[in-house]
Amino acid sequence: MALTSLLGDRLAPLTYSIGFLNAPPKRVARAARWLYFRWPDVWRRVAVLDGGLEEALLQLQPLGGLLHPRVLVASTALDGWSAVFDGRVYGLGGRGLSVRLSRALRVPGYFVAAAPPALDPEHFPGFRQFYVLGPQTGRDHVRAVWVSEEEDVGRWHFGTDGEVQPYEDVEAYRRRRHTDRFTERMLVDYAAAVGLRPWEDSFYRPPFHLITSLRLGRDRFQRTLAQARTEMKLDE
């Protein structure tokens, strides 16, 4: 099993990207609702859910594409920190939300993401990402390290940006193969260095806060989780 697999990847792509904010869930949920409240036609409500992580994540359906998707905020085992899951189709929408929440709340944060090499890299490329977020910078991030599958060709590209963090293995960045410059193990280790265990389901705890839109109408890009998995060939 992959090191960056949450719940055995059976809920992927919902679990591909996760944001973390240094604030309690109720405050994060209130901020997420406020961010969207400025547009009256996407007014949002917040529901508090008990139960387990898998049950809560399934409430992110239908996954959104064009309109603002549902958002789930979870408590974590790291005191004072919350996790944010974005219900966008294909698991690609969490970073922007995490950046905006870090700024709105004026708190530190992190964003982690991992998807395996895709069977169809032209449309659903694999990636690994680690972002350090902070309100003290005018940029989207304090630090970013990533490796991603290039569209159309299936090759990988490695990159970094921002201030190097003390726990980084900078020597690895010189390796010949791009996929070896930022491995799954390195991503897990970077997260662990700041107290995060993103790919352990026991790290997440209730209550969960589910933010949904009351907007009438239908997003033509909406998908069920099963539909998204079929399109991405995750069950093959």
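Each chain has its residues counted from 1, following the order in which its sequence is written. The predicted origin of the model limits local features to residues at a pLDDT of at least 70 and limits the giving and counting of side-chain atom pairs to 80 or more, whereas totals for whole chains, interfaces and linings rest on all residues. Only heavy atoms go into the side-chain values, all of them from the structure, while hydrogens and water stay out.

**Examining the overall build of the chain**
Logical step 1: Helix and strand assignments come from DSSP, with helices taken as H or I runs of at least 4 residues and strands as E runs of at least 2, each series counted from the N terminus. Counting secondary structure elements, the chain contains six helices and nine strands.
Logical step 2: Relative accessibility under 20% of the residue-type maximum defines a buried residue, over 50% an exposed one, and the middle range a partly exposed one, all with a 1.4 Å probe and only protein chains included. In the chain, which comprises 236 residues, the share counted as buried stands at 50%.
Logical step 3: When checking whether two residues touch, look at their non-hydrogen atoms; a contact exists if any pair is within 4.5 Å. Within the chain, counting contacts between residues at least 6 apart in sequence, those at least 24 apart form 65% of the total.
Logical step 4: Accessibility throughout is a Shrake-Rupley quantity obtained with a 1.4 Å probe, and a residue counts as covered only by protein chains that appear here. A total accessible area of about 11,500 Å² is found for the chain, and carbon and sulfur atoms account for 49% of it.

**Side note on the packing of aromatic side chains**
Logical step 1: Centre distance within 6.5 Å is the pairing criterion for rings of Phe, Tyr and Trp, where only the six-membered ring of Trp is used; planes under 30 degrees apart are then read as stacked, over 60 as edge-to-face, and the remainder as tilted. With the rule as written, the count across this model stands at 13 aromatic pairs.
Logical step 2: Consider the rings of Tyr16 and Phe127, whose centres lie 6.3 Å apart with planes at 85°: the pair is edge-to-face. Placement of Tyr16 in the segment before β1 (17-21) and of Phe127 in strand β6 (residues 127-133) is noted, with a sequence separation of 111 residues between them.
Logical step 3: Feature note: the residues Trp81, Tyr110, Phe130, Tyr167, Phe182 and Tyr190 constitute an aromatic cluster, connected by ring pairs.

**Details of helix α3 (residues 94-105)**
Logical step 1: One less than the residue count of a helix, multiplied by 1.5 Å, gives the span that helix is expected to have. For α3, spanning 12 residues, the distance from its first C-alpha to its last is 16 Å, which sits close to the expected 16 Å at 1.5 Å a residue.
Logical step 2: Directly beyond the C-terminal end of α3, a positive phi value near 60° is found at Arg106.

**A closer look at the nonpolar core**
Logical step 1: What we call a nonpolar core is a set of buried Ala, Val, Leu, Ile, Met, Phe, Trp, Tyr and Cys residues that are connected through their side-chain atoms within 4.5 Å. Among the nonpolar cores identified, the biggest contains 58 residues, and Phe20, Leu72, Phe85, Phe182 and Tyr204 are the most heavily contacted of them.
Logical step 2: Broken down by element, the residue count for this core peaks at six residues, all from strand β5 (residues 109-115).
Logical step 3: Residues in contact with Leu72, not counting those within four places in the same chain, are Leu49, Ala56, Leu57, Leu60, Ala83, Val84, Phe85, Phe208, His209 and Leu210.

**A word on unusual backbone geometry**
Logical step 1: Between Gln61 and the following residue, Pro62, the backbone shows a cis peptide bond with an omega angle of -5°.
Logical step 2: By the secondary structure assignment, Pro62 is in the loop between α2 (53-58) and β3 (71-76).
Logical step 3: Cis geometry is adopted by the peptide bond preceding Pro207, which originates at Pro206 and carries an omega value of 0°.
Logical step 4: Within the secondary structure, Pro207 sits in strand β9 (residues 204-213).
Logical step 5: Of note in the backbone geometry, Asp9 takes a positive phi value of approximately 65° without being a glycine.
Logical step 6: With respect to the secondary-structure elements, Asp9 resides in the segment before β1.

**Brief notes about the confidence of the model for the chain**
Logical step 1: On a scale of 0 to 100, pLDDT captures the predictor's confidence in every residue. In this model, the chain carries a mean pLDDT of 88, and residues with pLDDT of at least 70 account for 89%.
Logical step 2: Across the chain, the element-wise mean pLDDT spans from 85 in helix α1 (residues 25-37) up to 98 in helix α5 (residues 184-193).

**Quick word on the pairing of β9**
Logical step 1: Across six bridges, the pairing between strand β2 (residues 44-49) and β9 is antiparallel. Across the sheet, Leu49 pairs through a bridge with Phe208, a residue of β9.
Logical step 2: Note: two strands are recorded as paired if DSSP finds a minimum of 2 bridges between them. Taken together, the six bridges between β3 and β9 define a ladder with antiparallel strand orientation. In the sheet register, Ser75 faces β9, and the bridge partner there is Arg205.

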